Amino acid sequence: MNLETLIPPTDLRDYAKDQGWVLLKEAAKDRLYVMTNPRFERRQLVFPMDTSAPDYAEAVMLVVDKLAAMEGRTPQSVFDSLVEVGDDGVSFRVTTPRPDERALPLGFASSMITGAQQLLLASACTVLKPQAHHPRLSRTEAQQFLDTARFRHTRPGSFILNVSCPVQAMDVQSPLLPDEEVDAPFVRRATMVLHRSLRKLVTAIETDSLDGLVDTSRKGEGLVVSSNLCEALTRFGDESLKNSVEIGIKWAAAIPRPRDEPRMSVVRIQHDYFPRIEEVRRELRAKEQHIEDVFPATVERLDGEMGDDAKRSGEVILRLLTPDGDELVRARANLTADQYELADKAHMTDGAFVKVAGKLHPGRQPRQLSDIKSFDLMIK
Amino acid sequence: MRPLSLPNIESELSYAYLHAVASRAGMACRDGNRHEDGNGVDAQLTAWLPYVDAKTLTEVDIKVQLKATIAEPAEDGQNYRFRLNGASRYNDLRSETISVARILVVLFLPRDAAEWLHHSPDQLALRKCAYWESLRGAPEITGGSVVIHLPKAQVFSPDGLTELAGKLSRREFPTYPVV
């Protein structure tokens, strides 16, 4: 099947409209879309309304060729735009100081993908409930939003991660955010939150007004930038690469663009911004309280030392299930020799876990688990 | 690239004729690509017309299947007769539901290759001329070849082409007369 047969006429029409072409309604009786553009005098785009027209693919190809020539692009790039006409797009372009950089560490590439997922989740959660920190990003609607997102072809010449989100993919109602336009679909609202949060954050860094941003976000005033969004962004920075990232937002042509927004806008995060963003992340999470509870956990790592009494004790890494049952958290704990022995047994036994009562502190993972009151081995 | 055979030269001259007439009529002419060739399209013309009303197109495309022959055409007084080989080529031209008009253009060249093109300080003359016909609505054939009637009145000239573009801008598709 040819690529052009996969492009519905309404998508071609919507794309052209987004480029400034105006539909002539009079041609509809001939089952044709006819479009004109004040920028291109006497030029018209003419193509069938019906995909069943025997020359539909040819007609699409002809229109694509004409658009490409008028826009000074290649037909392939016009096709690429057409297949994403119903999607809001987010692109992440990594630049490094070395112009001849031909590869990125695989771990960093993986971190970028995780960061992109986290950014989308954080934006969706902010649409649902604006707050400085989302204790969990696993809300059903946010997860659905992530499920609809698609990983697009990258472009040659630089490291670009393209993600597109079908703008009509979800029908979720949630209260309007401050200054938000009415009636935008959920996906568009999440993309707008992402875009505005990025701009707000970068402007605050560049105008040295991060304190104000943290303050208003904590109070829930205006557009709230979340710690989760900041954490996601830090995944795009690599200290050894000293890389920057350009995040491009492209609005779906199928629905009207947000007011005063260009078709494509780019927010650049320079490599020296990443430590600032990490500070903001920490500040926004500072209000988080510790959790004192009994946690089921698996033992991930044993790092204890041999004591004078020939018994091993000390640091272990546990994977705890939080009380709400939604999040697995890696935490560091200091165990006595007896507790350490149980941890060792749990670590070495298939299906075994521990139940630990203590205080889980906020912060980046692995978090700290202190004041351990009990430590029991549980074997299924 | 290889040396041109005589049929290659006939074909090249037909493209030159097409480009010359289209240019004189103020139209763009582009040779067909491989994809279009598979659909029986050798070239594509685009005409721009003055604005009349919102119902009338100002940009009209015409797809051309181009032939050249040195055979002396038979005629019936009104039409030249041209044998078109290949049912698929014929059927590509006869559909009534396509959105972009297609025409057959046949360039008749003198039998003697020395007569094809004359050049002097005064003129560049390509001898004889081409005729066009729309096969829209022509009866279906299943194989072999078919004789096409090319009206002598439909000389492929700048004026004739402009007149055709005007009709197409009003969505008036010329159809093949039942002979």
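Up top is the structure these notes are about.
Here goes a summary of the coordinates provided.

Cut-offs applied
- Each chain carries its own residue numbering, running from 1 in the written order of its sequence.
- Each chain gets a letter, beginning with A, and each ligand a number, beginning with 1, in the order they are written.
- For this predicted model, a pLDDT threshold of at least 70 governs which residues receive local features, and a threshold of 80 or more governs which side-chain atom pairs are given and counted, while totals over whole chains, interfaces and linings are taken from all residues.
- Side-chain measures were taken over the full set of non-hydrogen atoms in the model, leaving aside hydrogen atoms and water.
- Two strands form a pair only when DSSP identifies at least two bridges running between them.
- Comment: elements are numbered from the N terminus, with helices defined as DSSP H or I runs of at least four residues and strands as E runs of at least two.
- Axis definition: a line fit to C-alpha positions, over the contact stretch in the case of helices; interaxial angles, taken between N-to-C directions, run 0 to 180 degrees.
- Only heavy atoms enter the contact rule, under which two residues are in contact if any of them lie within 4.5 Å.
- Only centres within 6.5 Å qualify two rings of Phe, Tyr or Trp (six-membered ring in Trp) as a pair; their planes then separate them into stacked at under 30 degrees, edge-to-face at over 60, and tilted for everything else.
- Buried, partly exposed and exposed residues are distinguished by accessible area as a fraction of the type maximum, computed with a 1.4 Å probe on protein chains only: under 20%, between the cut-offs, and over 50%, respectively.
- In this analysis the charged atom, NZ for Lys or CZ for Arg, is taken to sit over a ring once it is within 6 Å of the ring centre and within 35 degrees of the ring normal.

The next thing to look at is the sheet that holds strand β2 (residues 43–48) of chain B. All names here are of chain B. With respect to topology, 5 strands assemble into an open sheet ordered β1-β2-β3-β6-β9, the strand pairing being mixed. In this open sheet, the two strands that pair with only one neighbour each are β1 (28–31) and β9 (130–133). When strand polarity is set aside, the average angle formed by the axes of neighbouring strands in this sheet is 30 degrees. By the bridge criterion, 4 bridges tie strand β6 (residues 101–108) to β9 in an arrangement that is antiparallel. The partner of L104 across the bridge, within β9, is E133. Sheet contacts for helix α1 (residues 6–24): β1, β2, β3 (59–69), β6 and β9; angle to β3, the most-contacted strand, approximately 150 degrees. Against the sheet, helix α4 (residues 158–169) engages β2, β3, β6 and β9, with an angle of about 135 degrees to β3.

Moving on: the packing of aromatic side chains. For the structure on display, the rule yields 8 aromatic pairs over all chains. When the centroid spacing of 6.2 Å and the interplanar angle of 85 degrees are considered together, the rings of F145(A) and F186(A) count as edge-to-face. Linking F145(A) in helix α5 (residues 140–148) with F186(A) in helix α6 (residues 186–206), this pair joins segments that are 41 residues apart in sequence. No difference in accessibility class separates F145(A) from F186(A), as the two residues are buried. Relative to F108(B), the ring of Y80(B) has its centre 5.5 Å away and its plane inclined at 55 degrees; by these criteria the two rings are tilted. Residue Y80(B) is located in strand β5 (residues 79–85), and its partner F108(B) is located in strand β6; the two are separated by 28 residues in the primary sequence. An aromatic cluster is present here, built from Y80(B), F108(B) and Y131(B) joined pairwise through their rings. The ring of F173(B) has R136(B) sitting right over it, with the charged end atom 3.7 Å from the ring centre. Sitting over the ring of Y80(B), K152(B) keeps its end group 5.2 Å from the ring centre.

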